[in-house]
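# Structural characterization, general
One-letter residues, chain by chain:
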Amino acid sequence: METHIRKATVGDINDILVLNSLLFEEDREYDKTLDMTWTRKRGMKYFLDRITRRDKCALVAVNGIKIVGYLVGGLCDSASYRLSVVSAELENMLVLEDFRGKGVGKKLVEEFLSWCKTNNVANISVTASAVNNRGIKFYKSLGFKDYNLTLEMSTS
Ligand SMILES: CC(C)(COP(=O)(O)OP(=O)(O)OC[C@H]1O[C@@H](n2cnc3c(N)ncnc32)[C@H](O)[C@@H]1OP(=O)(O)O)[C@@H](O)C(=O)NCCC(=O)NCCS
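The structure contained in this document is the topic of the report that follows. Predicted, not measured: the structure shown is a model, and the values here were computed from it. (Residues numbered from 1 in each chain as written. Predicted model: local features only at pLDDT ≥ 70, side-chain atom pairs only at ≥ 80, totals over all residues. Heavy atoms only, no water.)

### Some words on the pattern of salt bridges
For the record, the criterion: What makes a salt bridge here is a side-chain nitrogen of Lys or Arg within 4 Å of a carboxyl oxygen of Asp or Glu, nothing more.
For the structure on display, the rule yields 11 salt bridges. In this structure, aspartate 12 and arginine 6 form a salt bridge, with 2.8 Å as the shortest nitrogen-oxygen distance. Each of Lys45, Asp49, Arg50, Arg53, Asp55, Lys56 and Glu91 takes part in one network of salt bridges that share partners.

As structure tokens, then:
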């Protein structure tokens, strides 16, 4: 069955929250500092914002009646040290494991890129954990390139 992409609606919020909690569980492999209560405590307001605000974008991938992936992002301020251009951030996304490797993630990103084009975006960023090789390869295959590298140390 073909998977198609559409704009998310308020009625999709619970499905998106479930997918976002799966993203946290996967990302926990890479980042032990993640707040695993974030989806429950803050997710509802955050995703409602992404779905309803004109400067934000929320997409879902639908197979039959099942939501199998999501992507959220939106316009953001460019860093003050950089020339001011319209900027956007791909904030987070996930495709259910059984639907990976079938082009669903690519379709979600392409739809986001088309939303960016409509909004005259000149620069798009995405942050991935430095050890999320699969995610980084995926984003690079779609045209993203290394820009900043954030270094951290734990003092505890
Ligand atoms: C990253 C993710 C969204 C990719 O979704 P997907 O539907 O599997 O990706 P696609 O099938 O559209 O792949 C598009 C391209 O990305 C690359 N790619 C995808 N998965 C890859 C992998 N495991 N290793 C290397 N490259 C990969 C390929 O070049 C692929 O193109 P191809 O099919 O022509 O070879 C999905 O694996 C996922 O949800 N991962 C967990 C959450 C996550 O890491 N999110 C991103 C960080 S917030």
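### Re unusual backbone geometry
To be explicit about the condition: Runs of H or I in DSSP of at least four residues are treated as helices and runs of E of at least two as strands, each being numbered from the N terminus.
Positive phi is not limited to glycine here, since asparagine 120 has a value of about 55 degrees. Relative to the helices and strands, asparagine 120 is located in the loop between helix H3 (104–118) and strand E5 (123–126).

### Notes on the site of the ligand
Keep this limit in mind: Proximity is defined per residue: if any heavy atom of the residue lies within 4 Å of a molecule or strand, that residue is considered near it. Whenever a nitrogen or oxygen atom comes within 3.5 Å of another N or O atom, the pair is scored as a polar contact, on the condition that within protein one atom can donate a hydrogen and the other can accept it, and that pairs from neighbouring residues in sequence are kept only if both atoms are in side chains. Surface accessibility follows the Shrake-Rupley procedure with a 1.4 Å probe radius. Residue values consider only the protein chains on display as shielding.
In the region of the ligand, 18 residues are neighbours, and Val95, Gly101, Gly103, Gly105 and Lys106 sit closest. A distance of 2.8 Å separates an oxygen atom of the ligand from a polar atom in the backbone of valine 95. Between the ligand and asparagine 132, the relevant distance is 3.1 Å, taken from an oxygen atom to a side-chain nitrogen or oxygen of the residue. Here the ligand, which alone exposes 920 Å², has 74% of that area covered by the protein.

### Thoughts on the pairing of strand E4 (residues 87–95)
It is a general feature of regular strands that their side chains alternate between the two faces of the sheet. Cut-off, in case you're wondering: In this scheme, a residue with accessible area under 20% of its type's maximum is buried, one over 50% is exposed, and one in between is partly exposed, where area comes from a 1.4 Å probe on protein chains only. When DSSP finds two or more bridges between two strands, those strands count as paired.
Burial of E4 is extensive: 8 of the 9 residues sit out of reach of the surface. Sheet topology places strand E3 (residues 66–76) next to E4; 8 bridges connect them, and they run antiparallel. Looking at the pairing, cysteine 76 lines up with serine 87 of E4. Summarising the sheet, E4 and E5 pair through 4 bridges and their orientation is parallel.

### Regarding the sheet that holds E3
This is how it is decided: All axes here are fitted lines through C-alpha atoms, helices being fitted over the stretch that makes contact, and every angle between N-to-C directions spans 0 to 180 degrees. Throughout, a residue-residue contact means that at least one pair of heavy atoms, one from each residue, lies within 4.5 Å.
Taking strand neighbours across the sheet as the criterion, the 5 strands line up as E1-E2-E3-E4-E5 in an open arrangement whose pairing is mixed. The open sheet is flanked by strand E1 (3–7) and E5, the only strands paired with a single partner. Across the sheet, the axes of successive neighbouring strands diverge by a mean angle of 25 degrees, strand direction being ignored. Of the strands in this sheet, strand E2 (56–63), E3 and E4 touch helix H1 (residues 13–27), which is tilted by about 80 degrees from E3.

This is a description of form; function is not addressed.
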